[in-house]
Amino acid sequence: EVLSYLKSNLRDLANHYHAQYQDKSAAENKVANYAEAARWYGQYIASFSTDPETPAINYQLADLQLENQDYASAAREYERTAYDYAKHDRAAAAGYAAVYAHREHLKVVSEDAKLAARRDTVTSSLRFADTFPDHEQAAPILGAAADDLYGMKDFAPALAAGRKLIDRYPNAAAPVRRSAWLVVAHSSLELADYPNAEQAYGQVLALTSAEDESRAGLVENLAASIYKQGELANQQSNYRAAADNFLRIKQVAPTAKIRAAAEYDAGAALIHLEAWNEAATVLDAFRTTYPDHELNREATKQIAMVYRKAGELSRSADEYERVAVESENPEMRAEALLLAGQLQQEASNPDRALAVYLRYVEQFPKPVEAAVETYSKIGEIYKSKNDTTSYHHTLEQIVQIDAAAGSERTARTRFLAGRSALVLAEQVYESFASLKLLQPFERSLEEKQRRMKAATEAFGHLVDYQVAEITSAATFYLGEIYGDFSRSLRESERPSNLAGAKLQEYEDALDEEAFPFEEKAIKVHEKNLELMSGDHLYNSWIEKSLARLAELMPGRYAKAEISSGFLGSIDRYAYRSPAAAAAAAAAAAASAMNTPSTTPSGGANALR
């Protein structure tokens, strides 16, 4: 009887202060009334936790907190009402109210606490849906939880929640089912479950009207899920499955932007299968369907390659020459000409290749790099035809174009121009080296000196190209120039009127004049060698310098253990970037160009 009175009094006190809290005329005591109501509700719940009437009292406490906009506390009390008591008739309503309170809390919570609040909301929503699956709001609440999980990038739980909604509520409202399928689709795509994503996007599209603005994006995602299946098949070398998936986009999502790339990739997969005819058909259809696509030129190259693999080089070349004539796209015409020339070369038709390349450089002087590259091919054809005059003229054109390229100058144009300038400089060297010192000595010496100056200047200019291999070649030739000058002095024609002591005096004077040039030749070649031993750079020109040093200083450089030591060290060299190698070689060449006077001095009187 006492307990009955106590329960009644506690309930009456809580209800009284709750009513006072709600009374607008008592607004000045609102805070105090709220505290008193919460106090007496709490006393009742703590004193009679197992009483059948307690869940209703707990519900009223949660309502009070909700009215006071204490959403987090209200959510906790609603959840206790829903899940911590024996089954009662207000449990489902409390569970639903808990979800509502959580979502209201999300609207006001600080950014720092928002993620935790969102996770609490999802936990409460999933618990509600599992505990009260027959509630009329269970499906929408489960769908909202799936959306939240996806928004938090919890893709696997989001996928599970979406699937649960779809399987459990097949008769849910269309917007709810569509939202669930969308979460399944997006989450599957993120989890790389592409077949599941494809199936889910198909369901979403079936629930999306043709006028819906999101439809185009959904089609793109559907195509992406199919495309990814093709990519995975490619990675697994299952090229038939890859091609089939890529081509399937044309039927399933014909308006997708990725369709073009998919059809191109299908052609590439078919090439892996060596299905030449099928590949050519697919790539030709791609080129026809997408004449302005960025992969069009690549498709043309692939078609040319397919014909080449099939042994139809002439057909491939004719195809590209036709494209060069008919296409309105300058880039396509240029690319077609280059490919046609390449195929003619591969077909061993140098004259036709030459004609195509000459057309290209005439019509497309820019971009500079492509023009220089083509001139290089033209030069090689002239060289193979032993047309030395045209060959050297072409090399001069390459050097001139690169020199005038300005901002369009590239590492490749520098390399080709440097290589061309090297060949031209070699002609200057040959002119110098071929000249013998004959009588009258001073006249031939003057001409030799003039040619020597021209040769050193020619090779000196090669350093400006900043190409390691070219600079190493220039260094080698500078060493050869000094070595040749030294040999030429020693091997020069002797005056016919000298004999005996006078002749010996003349010989001694020649040795005295020749020796500094021989020393300089050794030092220059050693500069090349330093690049190998100190700067981890090695090429054929350094090897030639090593061979020359073995001749000039056999006691030091011709020993087998020295040579094998240098050459054996090559395998241990660290990689050097082209820029670093060029810089090291340029420094060596600059040091090498610190030349002695090319005018005999110490024995001049004796020579005269």
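Position labels on residues start from 1 in each chain and follow its written sequence. Where local features are concerned, this predicted model is filtered to residues with pLDDT of at least 70; where side-chain atom pairs are given and counted, the filter is 80 or more; whole-chain, interface and lining totals use all residues. By convention in this description, side-chain values take in all heavy atoms of the structure and omit both hydrogens and water.

Explain the overall build of the chain here, please?
Here a strand is any run of E in DSSP of at least two residues, a helix any run of H or I of at least four, and the numbering for each starts at the N terminus. Tallying secondary structure elements over the chain gives 29 helices and 0 strands in all. Radius of gyration: over C-alpha atoms. The globule rule applied is 2.2 Å multiplied by the number of residues raised to the 0.38 power. Over its C-alpha trace the chain gives a radius of gyration of 44 Å, far above what one expects of a compact globule, namely 25 Å for 608 residues. Principal-axis analysis of the C-alpha atoms gives the chain an extent of 155 × 55 × 50 Å. Taking all 608 residues of the chain together, 45% fall into the buried category. Only the protein chains shown count as cover for residues, with accessible areas throughout obtained via the Shrake-Rupley method and a probe of 1.4 Å. Total accessible area on the chain is roughly 30,300 Å²; 50% of this is exposed by carbon and sulfur atoms. The sign given to each residue is positive for Lys and Arg and negative for Asp and Glu; His and the chain ends receive no count. Charge positions are represented by NZ for Lys, CZ for Arg, CG for Asp and CD for Glu. The centroid of the 66 positive side-chain charges in the chain is displaced by 1 Å from the centroid of its 87 negative side-chain charges. When a residue's accessible area, from a 1.4 Å probe over protein chains only, is under 20% of the maximum for its type it is buried; when over 50% it is exposed; and in between it is partly exposed.

Would you mind going over the nonpolar core with me for this structure?
Inside soluble globular proteins, nonpolar side chains tend to come together where they are buried. Residues F459, L462 and L489 are the most contacted members of the largest nonpolar core, which totals 143 residues. Examining the composition of this core, we find that 10 residues originate from one element, helix α23 (residues 468-490), more than from any other. The contact criterion used throughout is that any non-hydrogen atoms of two residues lie within 4.5 Å. Not counting residues up to four positions away in its chain, the partners in contact with L462 are G418, A421, L422, A425, I470, T471 and A474. Formed by 14 residues, the second largest nonpolar core is a distinct cluster that contains L10, A37, I45 and I57. As used in this record, nonpolar core signifies buried Ala, Val, Leu, Ile, Met, Phe, Trp, Tyr and Cys residues forming a set joined through side-chain atoms within 4.5 Å.

Would you mind showing me how to read helix α15 (residues 296-309) here?
One turn of the α-helix equals 3.6 residues, which is why residues spaced by three or four share an orientation. Helices are assigned an expected span. That span is 1.5 Å times one less than the residue count. Taking 1.5 Å per residue, 14 residues should reach 20 Å; α15 reaches 20 Å between its end C-alpha atoms and fits that length. When α15 is considered as a whole, its buried residues turn out to be N296, A299, T300, I303, A304, M305, V306 and Y307. Those residues of α15 hidden inside the fold are in contact with α13 (259-272), α14 (276-289), α16 (313-326) and α17 (330-346). Remark: G311 follows α15 within two positions and exhibits a positive phi of approximately 80°.

Help me out: how do you make sense of the packing of aromatic side chains in this one?
The description of two aromatic rings rests on the distance between their centres and on the angle between their planes. Only the six-membered ring of Trp is used, alongside the rings of Phe and Tyr, when aromatic pairs are assigned; centres must lie within 6.5 Å, and planes under 30 degrees apart are stacked while those over 60 apart are edge-to-face, with the rest tilted. Under the defined criterion, the tally for this structure stands at 18 aromatic pairs. Between Y96 and F128, the ring centres sit 6.2 Å apart and the planes meet at 50°, which makes this aromatic pair tilted. Here F128 lies in helix α6 (residues 111-131) and Y96 lies in helix α5 (residues 91-108), a separation of 32 residues in the sequence. A residue is classified by how much of its surface remains accessible, and Y96, at 36% relative accessible area, is partly exposed. Note on F128: relative accessible area 0%, which makes it buried. The interplanar angle of 50° and the centroid separation of 5.5 Å between the aromatic rings of Y477 and W541 together place this pair among those described as tilted. Of the two residues, Y477 is situated in helix α23 and W541 in helix α25 (residues 540-552); the sequence distance between them amounts to 64 residues. Summarising the burial analysis for this pair, Y477 and W541 share the class buried. Within the aromatic cluster, the residues linked to one another by ring pairs are Y429, F432, F459, F476, Y477 and W541. Geometrically, a lysine NZ or arginine CZ counts as sitting over a ring once it is within 6 Å of the ring centre and also within 35 degrees of the ring normal. The ring of F48 is capped by K7, whose NZ or CZ atom sits 5.9 Å from the centre of that ring. Directly above the ring of W541 sits K544, whose terminal nitrogen or CZ lies 4.0 Å from the centroid.

Would you mind going over helix α12 (residues 239-252) with me for this structure?
The terminal C-alpha atoms of α12, which comprises 14 residues, lie 20 Å apart, in line with the 20 Å expected from a rise of 1.5 Å per residue. Residues Y239, A242, A243, N245, F246 and I249 constitute the buried set of α12. Buried residues in α12, looked at end-on, bunch into an arc of 165°, giving them a common side. Taken together, the buried residues of α12 touch α11 (215-235) and α13. To obtain the arc, one takes the directions from the helix axis to the C-beta atoms.

Please clarify how the packing of α16 against helix α18 (residues 350-363) should be interpreted in this entry.
Two numbers describe a pair of packed helices, the interaxial angle and the distance between the axes. To get an axis, fit a line to the C-alpha atoms, keeping to the stretch in contact for a helix; angles then go from 0 to 180 degrees between the N-to-C directions. Put simply, α16 and α18 touch, their axes get as near as 13 Å, and they point 25° apart. It follows from the interaxial angle that α16 and α18 lie roughly parallel. When the axes of α16 and α18 are compared, the crossing they make is left-handed. On α18, the residues touching D318, E321, A324 and V325 of α16 are R352, V356 and R359. Each angle receives one of four descriptions, namely roughly parallel if under 35 degrees, roughly antiparallel if over 145, roughly perpendicular if within 65 to 115, and oblique otherwise. Take the far helix as the reference: if the near one is turned anticlockwise from it by less than a right angle, the crossing is left-handed, and if turned clockwise, right-handed.

Help me out: how do you make sense of the confidence of the model for the chain in this one?
If pLDDT is low for a region, its predicted coordinates should not be looked at in detail. Scored from 0 to 100, pLDDT reflects the predictor's confidence in each residue. When the pLDDT values of the chain are averaged, the result is 89; 91% of them are 70 or greater. Per-residue pLDDT stays below 50 along residues 560-578; that stretch engages in 21 contacts with residues further than four places along the chain or on separate chains.

Can you help me understand the pattern of salt bridges in this one?
Pairing between side chains of opposite charge can happen when the charged atoms of each approach one another. By definition here, a salt bridge exists when the distance from a side-chain nitrogen of Lys or Arg to a carboxyl oxygen of Asp or Glu is within 4 Å. Under the criterion given, the structure shown has 37 salt bridges. Note that K107 and E104 form a salt bridge whose closest N and O atoms lie 2.9 Å from each other. With a gap of 3 residues between them, K107 and E104 both fall in helix α5, about one helical turn apart. With a relative accessible area of 14%, E104 lands in the buried category. Among the charged side chains, a salt-bridge network with shared partners connects D318, E321, R352 and R359.

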